[in-house]
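# Inside the fold
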Amino acid sequence: MKLFTAASVLLFASASSHAQGQAQAPAQAAKPCEELKDEISKKLDAKGVKGYTLDIVAKDKDAEGKIVGTCDGDTKKIIYNTTPATAAAPAKETPKP
């Protein structure tokens, strides 16, 4: 019975520490900014979004726009902004004689 109890405790302890290691992995495995920016851009393009910019800035820098991701070990952020739509030039009328 003591052997079973000892084995159970060891199994539980190792499973618990393994789960904690996996929970910390995403924070340590940060993506490079250019890679993340490309992924976000592809998703926006696939949804048909037009007229936007994605800018990589330092995490502590104030920037206008929506933060859509963090990268490089959480030291930088990617900012999404929409660009103003350019007004279409009015069609030229043909002069009437």
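This text goes with the structure placed above it.
A brief look at the structure comes next. (Residues numbered from 1 in each chain as written. Predicted model: local features only at pLDDT ≥ 70, side-chain atom pairs only at ≥ 80, totals over all residues. Heavy atoms only, no water.)

### Quick look at unusual backbone geometry
Phi is positive for D72, which is not a glycine, with a value near 50°. Within the secondary structure layout, D72 lies in the loop between β2 (66-71) and β3 (76-82). Relative accessible area serves as the criterion here: at 31%, D72 is assigned to the partly exposed category. (Helix = DSSP H or I, 4+ residues; strand = E, 2+ residues; numbered from the N terminus. Buried < 20%, exposed > 50% of the residue type's maximum accessible area, 1.4 Å probe, protein only.)

### Some details on the packing of aromatic side chains
Evaluated as defined, the whole model comprises one aromatic pair. Centre to centre, the rings of Y52 and Y80 are 6.0 Å apart; their planes meet at 25°, and the pair counts as stacked. Pair noted here: Y52 is in strand β1 (residues 52-58) and Y80 is in strand β3, with a separation of 28 residues, a long-range link. (Phe/Tyr/Trp six-rings, centres within 6.5 Å; stacked < 30°, edge-to-face > 60°.)

Honestly, that's just the spatial picture; any functional story needs more than this.
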